[in-house]
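# A closer look at the structure
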Amino acid sequence: MTSLDLYTWAGVAVFLLALHAVVTRAHLIWKVLAINLMGTGVFLVLLAAPARRDPLMADPLPQGMVLTGIVVAVAATALALGMALRVVARTGSPFLTVETETADPDPDAPEAPS
Amino acid sequence: MTPSTSSSGDNGADPSGASSTPGSSGTAATGVDAADVRPLLEDDGSRDDPALLKWLLGLLLLPMGLALALGLRGAADSRDPRIPDLVAEFLPETGVSNPVTGVLLNFRGYDTLLEVAVLVAAMVAVWSLDRGERLFGLPRGRDLDEPVLTAILRLAVPTAFLTAVYLTWLGSSEPAGAFQAGALLAGAGVLLTVAGVLRPPTAAALPVRVIAAGGVAGFVVVGISVLPFTGAFLAYPEGWAYPLILGLEAALAVAVAVILVELFVDVPSIPVHDPALDAVDPYGDPLGRALAPDPVPPEDEGEAS
Amino acid sequence: MTGAELWTTAVVFGPLLASLVALGGRAWTLRAGLALGSATALAGSFGLWVEVTREGPVRHLLGGWGAPLGIELWADGFSVVMLAVTAVVGAAVSLYSTSYFGDLSQLDAEKSPAGRAARYFAPLWLLLWSALNGIYLSADLFNLYVTLEILGLAAAALVTLAVTPKATVAGMRYLIVSLVGSMLFLLGVALLYTEVGTLSLEELAAADLSGSMATSSLALMTVGMAAKTALFPLHGWLPPAHAGAPAPASALLSAVVVKGSFFILVRLWFAVYGGGSDGGLLLMGGLGAAAILWGSVLALRQRSLKRVIAYSTVAQLGYLFIMFPLLAPEGLSLAGSGEGSAGWSNDAWTGGILLALSHALAKAAMFMAAGNMTYAVAKDALRDISGVAHRLPMSFLAFGLGGLSLAGLPPSAGFVGKWLLLREALAARGWFWVAVITAGGLLTIAYVLMVLRHALDREASSGEFRPVPKRMEWAALLLALAAATLGVRATETFQILLQGGVQPWS
């Protein structure tokens, strides 16, 4: 076990903790933050895990991947936050409403005849 | 973000910013103050999945994590990487001396192009979201009234600009480059915006769109124009690599900065919800036409009713 | 510069540039962008078709660098047919959208929801188109991730172009699912790179992928892509999103967007991993079967037209996953393995992909027809569309033809695809699959007839009827005719699909 393994394991741990949060937490901002954190976890793994022959020459490909990934994550988080705020504005609640799956909620139950 | 910041926005007259324009049946023109939204964002965890499910999921993920951790143990030492050798071998042909820059802007330039396209996509997507009042910006003619903030701005912003230019140029030989510079510029832009000195242009003004699109457009144009000469998209001709890369980095830095500041301004400008939209049939009338009937274009009249 | 470079460049960067044009903010820039995107995508797709027919699979070394140092674009039969169907559907829906949203020069883009939708549909869709074409051509794992992100962000934004609270929630849920899926995929990429040391799909195909790291990687990537393709049980996000979006967006989402992640799954499982494991293939097929049955039954229970069509998408995507076990050399079945064809099953390969193509054409037509009906009466409940069909006979016909293609009636492409899958299932003695395919077909007929019955109901609807622009009706009808008659021209599709085949890099 090298010290690099600690980073790799940290990355895996962060990823799984964040995945757990995305699934179980109901609040939208929590979910968005957790998705961002999943990305961070993957970046840690990408930087620490791939092979290294010589401590002075690092593999530039994962570094490039992480740089690209950070920018992509920022973009995605921005949109997700924007959408989350619109959900709060439109529904008054920061939680996603549960969709009933088995049948349409009756679209026009109390409506007067057209 | 305090209420006073939003009240110094475009209309100025309405401190809470939460009223809708009288008489409009479409989306209101003004926005919701962040302070109004904050209570809605509280979470005491009561809506989360029940504790049992949380524990079950945790028990499911734990062995997965252990398996991954074991599998990745010592991964860094146990394999022989090929890519670094290939990079070292071909780096001199790329026109830059930093291997990561070589990867990002030459070997895998296509990914960098797409990465900026992701930023543009996010920006266009945020623009397509309903928007309320823009939250920042001093009314015209008002000077910033705060001496400490002004002093900090006078120090920080020019330094940021200079450093950004330097970072863009430095990218060819050291870890630096377009995105780092763009982020720094964006930071300066955010600082100026929050201070109110920089007035964000109203919704997606043309110069913003041109600059933001310019990053991707420049990349694609360069890529296509070298096609007849070198036979592949974005394959820099002999001797042109360094200047093209430098030019692209500069364009990208500016574009990234503009996009990031634009995102910063647009994401939190929350619209006021028009309650009339709740009554609209969500599948029959997704654009809410029943509320504000659009003029039907005369040349497109379909069959007579 | 050969044809490969020219056409692949056109097909990826044409729509990308067009999206920037469409950001111009004027009505004519939108039309110009859509026209430019459609033209380059159509020209590039069919140019590549000719090229690949003549020379076999072709590649384009981006930046002049070959893998694993650089990124390559790769076009084989599978890529080409997906590009072509996306181009045809995309051009039709682009045309449709110019009338659906109304004239931007007469709408206030910032104050009216329809105006904002009119202004931003074109740039978002063109970005999406470019990304989709990029996915079909990409031969690099990380490149797939970045293009997937463009696809996901643009697609979610297309849903929220609709301003109702339901659509906003549906779009948010879609975005979350999409991003989680991408993150799972990216972790899979990280693991695979750690294990093998390359991102090139071709080199990965040649590498030994039997280790536990590689298997975990495939599992992660599969869960991510399955979520994006709405494979049962991760399908819950799809009906509200596809039904709640504006009609052109619904058409694109169901027809082509979900095919992107499906394409990646097929490439990973067969081209890179060489078929995965027998258990895995059975699992995918089993989930596909569940999707067919669950989706079709739920479609029957819906009372809203667009939701019927959306649940139909969940069901039809299930057929694509039944292709997985049927492709396998021994023809797996739940009744024990039978005598399938040696090597990969051509029937299953061509049948499954033909189903994907026919679904794209038919579903886009159906959503556009439904969009015409809702455009006319602003109502979506099944009982409210009766009488509309009499006033919109072309749209009604389009819906019917699309539905018949989905149900698998000749001479539609849906018929040929289902027949090929059935033939392979019978040859492999996979009775379970035969039963599911047949039951699915019957259920499809049931819910299509359900909608048609409501539409044909003599009772005319009262209330406003907004005249539907002719081009919207024509777009729907032409795609539906294509879906209904493609079976006749299926041979060309077969020939091209065998260029490269299931494992182009073996």
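Residues numbered from 1 in each chain as written. Chains lettered and ligands numbered in written order. Predicted model: local features only at pLDDT ≥ 70, side-chain atom pairs only at ≥ 80, totals over all residues. Heavy atoms only, no water.

### Section: the overall build of chain A
Heads up, the rule is: Under the DSSP-based scheme used, a helix requires at least four consecutive residues in state H or I and a strand at least two consecutive residues in state E, with every element numbered from the N terminus. The buried label applies to any residue whose accessible area, calculated with a 1.4 Å probe on protein chains only, is under 20% of its type's maximum; exposed applies above 50%, and partly exposed to all values in between. Contacts are residue-level and defined by heavy atoms, with any inter-residue pair within 4.5 Å sufficient. Accessibility throughout is a Shrake-Rupley quantity obtained with a 1.4 Å probe, and a residue counts as covered only by protein chains that appear here.
Check the secondary structure of chain A and you find three helices and zero strands. Going from N to C terminus, chain A has its helices and strands arranged as α-α-α. Scored against the burial criterion, the 114 residues of chain A give a buried share of 56%. A fraction of 58% describes how many contacts in chain A between residues 6 or more apart in sequence connect residues 24 or more apart. As displayed, chain A offers around 4500 Å² of accessible surface, 70% of which is attributable to carbon and sulfur atoms.

### Describing the side chain of Asp 76 of chain C
Rule in force here: The definition of a polar contact used here is a pair of N or O atoms within 3.5 Å, where within protein one atom must be able to donate a hydrogen and the other to accept one, and adjacent residues in sequence count solely through side-chain atom pairs.
Within the secondary structure, Asp 76 of chain C is located in the loop between β2 (72-75) and α3 (77-100). Engagement of the side chain of Asp 76 of chain C in a polar contact is seen with the side chain of Arg 267 of chain C, the distance being 2.9 Å.

### Quick look at the interface of chain C and chain A
We apply this condition: Throughout, the accessible surface (probe 1.4 Å) given up by two parts as they are put together, summed over both, is called the buried area. We define a salt bridge as a contact between a side-chain nitrogen of Lys or Arg and a carboxyl oxygen of Asp or Glu at a distance within 4 Å.
Of the residues lining the interface, 45 residues belong to chain C; the matching set on chain A comes to 46 residues. For the pair chain C and chain A, the two sides together bury roughly 4000 Å², of which 72% comes from carbon and sulfur. Counting the contacts that link chain C with chain A gives zero salt bridges. Scanning the region where chain C abuts chain A turns up two residue pairs in polar contact (both at pLDDT 80 or more).

### Notes on the environment of Leu 477 of chain C
Residue and element names in this part refer to chain C. As for its position among the elements, Leu 477 is in helix α18 (residues 470-485). In this structure, the C-alpha to C-alpha distance between Leu 477 and Ala 365, residues 112 residues apart in sequence, is 6.7 Å. The residues contacting Leu 477, other than those within four sequence positions of it, are Met 394, Leu 397, Ala 398 and Leu 401.

### Examining the interface of chain B and chain C
Facing the 72 residues of chain B at the interface are 93 residues of chain C. Between chain B and chain C the total buried area reaches about 6900 Å² when both faces are included, carbon and sulfur atoms providing 66% of it. At the junction of chain B and chain C, the tally comes to three salt bridges. Note that Arg 116 of chain C and Asp 130 of chain B form a salt bridge whose closest N and O atoms lie 3.2 Å from each other. At the junction of chain B and chain C, the tally comes to 13 residue pairs in polar contact (both at pLDDT 80 or more). Taken together, the elements giving at least two residues each to the side of chain B that touches chain C come down to α3 (51-72), α5 (83-90), α6 (99-107), α7 (109-128) and α10 (206-225) of chain B. The element that contributes the greatest number of residues to the side of chain B that touches chain C is α7 of chain B, accounting for 14 residues.

### Structural notes on the pairing of β2 of chain C
Residue and element names in this part refer to chain C. Formally: Whether two strands pair depends on DSSP finding at least two bridges between them.
Of the two faces of β2, the one holding Glu 72 and Trp 74 and the one holding Leu 73 and Ala 75 are both buried throughout. Sheet topology note: the strand β1 (residues 58-61)/β2 ladder contains four bridges and is antiparallel. The residue bridging Leu 61 from the neighbouring strand is Glu 72, located in β2.

### Let's talk about the nonpolar core
Formally: To qualify as a nonpolar core, a set must consist of buried Ala, Val, Leu, Ile, Met, Phe, Trp, Tyr and Cys residues joined through side-chain atoms within 4.5 Å.
Within the largest apolar cluster, 306 residues are counted, with the highest numbers of intra-cluster contacts made by Val 89, Leu 141, Met 172, Phe 185 and Phe 324 of chain C. Element by element, the count of residues in this core is highest for helix α13 (residues 346-377) of chain C, at 21 residues. Of all hydrophobic cores here, the second largest spans eight residues; its members include Ala 164, Ala 181, Ala 253 and Ala 257 of chain B.

### Considering the pattern of salt bridges
Evaluation of the coordinates by the stated rule reveals 11 salt bridges over all chains. For Asp 130 of chain B, the salt bridge identified is with Arg 90 of chain A, shortest N-O distance 2.6 Å. With one member in each of two chains, Asp 130 of chain B in the loop between α7 and α8 (147-170) and Arg 90 of chain A in helix α3 (residues 60-91) form a pair that bridges those chains. In terms of burial, Asp 130 of chain B and Arg 90 of chain A fall into one category: buried. As a salt-bridge pair, Asp 140 of chain C and Arg 108 of chain B come within 2.7 Å of each other at their nearest N and O atoms. Of this pair, Asp 140 of chain C sits in the loop between α4 (113-137) and α5 (141-159) while Arg 108 of chain B sits in the loop between α6 and α7, placing the two residues on different chains. Of the two residues, Asp 140 of chain C and Arg 108 of chain B, neither departs from the other in class, the shared state being buried. Among the ionic contacts, a cluster of salt bridges with common partners joins Arg 90 of chain A, Asp 130 of chain B together with Arg 116 of chain C.

### Some details on the confidence of the model for chain B
All names here are of chain B. Basically, it comes down to this: A score from 0 to 100, pLDDT tells how confident the predictor is in each residue.
Looking at chain B as a whole, the pLDDT averages 79, with 80% of positions reaching at least 70. Confidence drops under a pLDDT of 50 for residues 1-30, and excluding neighbours within four residues, the segment shows 56 contacts in the predicted structure. Of the regions scoring below 50 in pLDDT, residues 297-305 engages in 21 contacts with residues more than four places distant in sequence or in other chains.

### Digging into the packing of aromatic side chains
Residue and element names in this part refer to chain C. Going by this rule: Planes of paired rings set the category: under 30 degrees apart is stacked, over 60 is edge-to-face and the rest tilted, where pairs are Phe, Tyr or Trp rings (Trp by its six-membered ring) whose centres lie within 6.5 Å. Each ring is checked for a lysine NZ or an arginine CZ that lies within 6 Å of its centre and within 35 degrees of its normal; such an atom marks a charge sitting over the ring.
Counting across every chain of the model gives 24 aromatic pairs over all chains. Measuring from ring centre to ring centre gives 5.2 Å for Phe 270 and Phe 324, while their planes differ by 65°; the resulting arrangement is edge-to-face. Placement of Phe 270 in helix α10 (residues 247-272) and of Phe 324 in helix α12 (residues 305-327) is noted, with a sequence separation of 54 residues between them. Per residue, the accessibility class of Phe 270 equals that of Phe 324, and both read buried. Put simply, the rings of Tyr 96, Tyr 100, Phe 101, Phe 121 and Tyr 375 pair up and form one aromatic cluster. In this structure, Arg 423 packs its charged tip against the face of Trp 419, placed 5.0 Å from the ring centre.

### Thoughts on the side chain of Ser 79 of chain C
Its location among the elements puts Ser 79 of chain C in helix α3. Residues contacting Ser 79 of chain C, with those up to four places away along its chain left out, are Trp 74, Tyr 136, Leu 137, Phe 263 and Arg 267 of chain C.

### Description of unusual backbone geometry
Residue and element names in this part refer to chain C. The residue after Ala 67, namely Pro 68, is reached through a cis peptide bond having omega 0°. Relative to the assigned elements, Pro 68 resides in the loop between β1 and β2. In the segment running from Pro 410 into Pro 411, the intervening peptide bond is cis, with an omega of -5°. Phi angles above zero are rare outside glycine, and Arg 429 is one such case at about 60°. For Arg 429, a relative accessible area of 41% gives the class partly exposed.

### Some thoughts on the packing of helix α2 (residues 28-48) of chain A against helix α6 (residues 165-196) of chain C
Let me state the cut-off plainly: Structural elements are reduced to axes, namely lines fitted to C-alpha atoms, with helices fitted over the stretch in contact, and the angle between N-to-C directions of any two is expressed from 0 to 180 degrees. Angle categories: roughly parallel below 35 degrees, roughly antiparallel above 145, roughly perpendicular from 65 to 115, and oblique for all the rest. The crossing is said to be left-handed when, going from far helix to near helix, the turn is anticlockwise and less than a right angle, and right-handed when the turn is clockwise.
Two numbers describe how α2 of chain A lies on α6 of chain C: the axes approach to 9 Å, and their chain directions differ by 15°. On the basis of their axis angle, the class for α2 of chain A and α6 of chain C is roughly parallel. For the element pair α2 of chain A and α6 of chain C, the recorded crossing hand is left-handed. Residues Leu 28, Lys 31, Val 32, Ile 35, Met 38, Gly 39, Val 42, Phe 43, Val 45 and Leu 46 of chain A of α2 of chain A lie in contact with α6 of chain C, whose contacting residues are Met 172, Ile 176, Leu 179, Val 180, Met 183, Leu 186, Leu 187 and Ala 190 of chain C.

### Describing the environment of Asp 130 of chain B
For Asp 130 of chain B, a relative accessible area of 5% gives the class buried. Note: C-alpha distance between Asp 130 of chain B and Pro 99 of chain B (31 residues apart in sequence) is 43 Å. Here the side chain of Asp 130 of chain B touches Arg 90 of chain A through a polar contact of 2.6 Å, side chain to side chain.

### Here's the deal with a nonpolar patch on the surface
Residues and elements named next belong to chain C. Filter applied, for reference: Each patch is built from residues that are more than 30% exposed by relative accessible area and take part in no salt bridge. Like charges join if they lie within 9 Å; nonpolar side chains (Val, Leu, Ile, Met, Phe, Trp, Tyr) join within 5 Å.
Taken together, the side chains of Leu 404, Leu 409, Leu 442, Ile 445 and Leu 449 make up a nonpolar region of the molecular surface, amounting to roughly 420 Å² of accessible area. Its place among the elements puts Leu 409 in the loop between α15 (393-407) and α16 (413-427). With relative accessibility at 34%, the residue Leu 409 sits in the partly exposed group.

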